[in-house]
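# Reading the structure
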Amino acid sequence: MTISVQGIGWLTKDAYGCIVRKERSIYDGGPGPDSLRDQLFPRPVKNFGRFDRLSRMACSGVALALRDAGFEDPQKRDIGLIGTSREGSLRTDLDYFRDYIKGGRTLSRGNLFIYTLPSSPLGEAAIQFGLLGPLFYVADRGHSLAPLLDLAAEMIENREASFMIAGTAGEEEALFLVMGTEGTGRTDDLCSFPVAQAIVQSAPEVTGIIQKFSFVSSRKGFA
Amino acid sequence: MKPVIVAHDMVTSYGLGVDTCWRGVTDNRTAIGQVTRFRTEAFQSGCAGIVQGLQYNGDGSLVLQMLRMLFRDAGTAIPADARLLLASTKGEIDLLERFVLEGRGDPEDSTLDRLLTKVEDLCGARGGGMVMSAACTSSSAAAARAASLIKNGRADAVLVVACDSVTEFIFSGFSSLMALDRAPARPFDRSRAGLSVGEAAAYALVMSEERARREGMPVLGEIAGWGLSDDANHMTGPSRESEGLILALKKALASAGVGREQIGFISAHGTGTVYNDAMEMRAFREVFPGAAVPAYSIKGGIGHTMGAAGLVEMIMALRALREGIVPPTVNLTTPDDDAAGWVSDRLRPVSTGMHALVTNAGFSGINSAIVLA
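Each chain carries its own residue numbering, running from 1 in the direction its sequence is written. Each chain is given a letter, starting from A, and each ligand a number, starting from 1, according to the order in which they appear as written. Whole-chain, interface and lining totals are the exception, using all residues; otherwise, since this is a predicted model, local features are given only for residues with pLDDT of at least 70 and side-chain atom pairs are given and counted only at 80 or more.

With that out of the way, let us pick up the overall build of chain B. Across its full length, chain B holds eleven helices and 15 strands. Taken against the 2.2 N^0.38 rule, which gives 21 Å for 373 residues, the C-alpha radius of gyration of chain B at 19 Å falls within 12% of a compact globule. Working definition of burial: number of other C-beta atoms within 10 Å of the residue's own, with buried at 20 or more, exposed at 12 or fewer, and partly exposed in between, all C-beta atoms being placed from the backbone. Here chain B holds 373 residues, and 63% of them are scored as buried. A fraction of 79% describes how many contacts in chain B between residues 6 or more apart in sequence connect residues 24 or more apart. Secondary structure is summarised from DSSP: a helix means a run of H or I of at least four residues, a strand means a run of E of at least two, and numbering begins at the N terminus for each. Our radius of gyration looks at C-alpha atoms and nothing else; its globule reference is 2.2 Å times the residue count to the power 0.38. It is the C-beta atoms, placed from the backbone, that decide contacts: two residues are in contact if theirs lie within 7 Å.

A few words on the interface of chain B and chain A. Taken together, the contact between chain B and chain A spans 43 residues of the former and 42 residues of the latter. Looking at the side of chain B that touches chain A, the elements that each hand over two or more residues are helix H3 (93-102), helix H4 (112-123), strand S6 (129-133), helix H5 (138-151), helix H6 (168-176), strand S9 (221-230) and helix H8 (243-256) of chain B. The greatest single-element share of the side of chain B that touches chain A, amounting to five residues, is contributed by H6(B).

Residue and element names in this part refer to chain B. A helix is expected to span 1.5 Å multiplied by its residue count minus one. An ideal rise of 1.5 Å per residue puts 20 Å on 14 residues; H8 measures up with 20 Å between its terminal C-alpha atoms. Taken as a whole, H8 has its buried residues at Glu243, Gly244, Leu245, Ile246, Leu247, Ala248, Leu249, Lys251, Ala252, Leu253, Ser255 and Ala256. Here the buried face of H8 lies against S9, helix H9 (274-287), strand S14 (355-362) and strand S15 (366-372). One or two steps after H8, the chain reaches glycine 257, where phi turns positive at roughly 70°.

Formed by 215 residues in total, the largest nonpolar core has its most connected members in Met179(A), Val160(B) and Ala201(B). When residues of this core are assigned to their parent elements, the largest contribution, ten residues, is made by helix H11 (residues 309-323) of chain B. When sequence neighbours within four positions are dropped, the list of residues in contact with Met179(A) reads Ile3(A), Ser4(A), Val5(A), Gln6(A), Ala152(A), Ala153(A), Ile156(A), Phe163(A), Met164(A), Ala166(A) and Phe193(A). To define a nonpolar core, we join buried Ala, Val, Leu, Ile, Met, Phe, Trp, Tyr and Cys residues through C-beta atoms within 7 Å and take the resulting set.

Let us now look at the packing of H8(B) against H9(B). Residue and element names in this part refer to chain B. Contact geometry for H8 and H9: axes closest at 9 Å, N-to-C directions at 45°. Considered as vectors, H8 and H9 are oriented oblique to each other. Seen along the crossing, H8 lies across H9 with a hand that is right-handed. On H9, the residues touching Leu245, Ile246, Leu249 and Lys250 of H8 are Met279, Glu280, Ala283, Glu286 and Val287. Looking at the contact of H8 with H9, its residues break down into six nonpolar, no polar and three charged. To obtain an axis, a line is fitted to C-alpha atoms, over the contacting stretch when the element is a helix, and the angle between two such axes runs from 0 to 180 degrees between their N-to-C directions. The scheme is simple: roughly parallel for angles under 35 degrees, roughly antiparallel for over 145, roughly perpendicular for 65 to 115, oblique for anything else. In this scheme the handedness of a crossing depends on how the near helix is turned from the far one: anticlockwise by less than a right angle means left-handed, clockwise means right-handed. Three classes are used: nonpolar for Ala, Val, Leu, Ile, Met, Phe, Trp, Tyr, Cys and Pro, charged for Asp, Glu, Lys and Arg, and polar for all others, with Gly counted as polar.

Here we take up the pairing of strand S2 (residues 15-18) of chain A. Residue and element names in this part refer to chain A. Only one face of S2 is covered, namely the one carrying Tyr16 and Cys18; the face carrying Ala15 and Gly17 has none of its residues buried. Strand direction decides the pairing type here: strand S1 (residues 3-11) and S2, joined by three bridges, are antiparallel. If you follow leucine 11 over to S2, its bridge partner there is tyrosine 16. The pairing criterion is simple: DSSP has to find at least two bridges between the two strands. Here S1 folds back onto S2, and the loop between the two strands holds three residues. Here S2 pairs with strand S3 (residues 23-26) via four bridges, running antiparallel. Its bridge partner lying in S3, tyrosine 16 is registered against serine 25. Where S2 folds back on S3, the antiparallel hairpin that results is connected by four residues, among which lysine 22 adopts a positive phi of roughly 55°.

Residues and elements named next belong to chain A. When you tally the buried positions in strand S7 (residues 174-181), you get seven out of eight residues, the bulk of the element. As defined by bridge partners, S1 adjoins S7 across eight bridges and the pair is classed as antiparallel. Opposite valine 5, over in S7, you have methionine 179 as the bridge partner. In this structure, strand S6 (residues 163-169) lies alongside S7, joined through seven bridges in antiparallel fashion. Each residue of the ladder has a partner; that of isoleucine 165, found in S7, is valine 178. The hairpin formed by S6 and S7 contains four residues between the paired strands.

In this section: unusual backbone geometry. Residues and elements named next belong to chain B. For methionine 178, which is not glycine, the phi dihedral falls at a positive 55°. Its location among the elements puts methionine 178 in the loop between H6 and strand S8 (200-208). Given 11 C-beta atoms within 10 Å, methionine 178 falls into the exposed group. Here alanine 232, not a glycine, exhibits a phi torsion of approximately 55°, which is positive.

Glancing now at the environment of Lys102(A). Residues and elements named next belong to chain A. Assignment of secondary structure puts lysine 102 in helix H2 (residues 90-102). The class for lysine 102 is exposed, based on 9 C-beta atoms found within 10 Å. Between the C-alpha atom of lysine 102 and that of valine 20, which follows or precedes it by 82 residues, the distance is 48 Å.

Below you can see the structure in the form of structure tokens.
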């Protein structure tokens, strides 16, 4: 079984885009991803304004990745999602507990508490895009993407899901890759898993990874 | 490569040790009691499964104190080349509480990354570590990953460590979601009214059968298969149609290469909330139509231990397989209609050669099912 990357979505503080489609856009509603609101999503996201920052970044990154891989129709699918984050849940932990203390240690808010789980941003993306496969947050000490790509490839080989999305989301950047068995996706494969792994290992920052994958895409001559 | 468990231990509100927990559960005794480490008048409940002898705001976090107990008494040396998977939802969150309340310490100290380093130092596993967090399926997801690494020949020893504790942060959060029962939890009972939070720490050393044989390690059981899924429905409430757990169950059976008739019993997530227990029973009835399969939950005994639940419950299920006994569901008085014939307040026999199924579910609609042999 050969595993390939079939779509990549990305956001930085200045722009966002898709690699296979060679799309790059500047935020037109103000600086940063908050201005995207829910324009990336196939159907309106009711609670987008109440999502914590990482959930918005994760949902936006997954939306772009799925679009890039040709999965734009809203239906539930056996696609798994694993993610990491340098920031983790520290900000939401502080937000929740400070709010609780401010309320006199008598009133705690469930809508803040739920985002203190590291897996919650991924959970919001799964709900929004109908992802029925495995879902978990995973991090090595460096919060690198490479172990996630390894895990995702292994899970596809194990047939734990038909496709896997692996990525990272932070306060200002997000990058998510859709992976599957070569030739089974809705778009042409961008590159093989070993090539993707080499790129991710050679470029520690999201912007560097985006540049290298963009170069691969340009060489493939996608329309 | 067959992934087998060669060593395990735990500390729960019953006390230290697998034997201690097994005795508590099979005696049908609850260890859930009144919380005294912080004030609970403002919350839905005042009870939880608390590990005795820990110091809140003491020398190290609550989870670190539990982990020290575990690894100090580890009779089996952890191989230095073992990979480490640390499963938790909130780790050392009491350190963040101290920072906010007293200005003490650095809030970064509460992150799971920092805990990973501490656990590596405590247990001596230096083969590379990762944190895994998947709400209340964290440690079952970690066990599945350990088994996968071994099955695929990518490792021959993986240590899974799981922990979570009862702090004001956690307790207030579950109370805000209206999830707690005022009384100790009563999984699958007709009068159940919510969960009881609990704390625990546990580890399981998973090896390839070949390495276990070579090193003369006892084989306590096998992780035969697994299935992970998401409901993609709601952040806190399980899907009413149970399709997520049904998918996980079917994947687990297929992964293990076993049929339904080879499952001797189910260790259910069984939190005691109206919705979770109903969702599980719907899934069990769908996947096991016809005759009821003996099922139980230990959360009436030790509470819902969150990130540690999966691993603690897997270890208990392995013990049940070895003893040939299905434990009772602690605090069960009258089973709900959909659970009648499946759960019991008594011990029941299980035939040799059967497999066990361990299910868990968590926020974000995550589901896990593990098949043990």
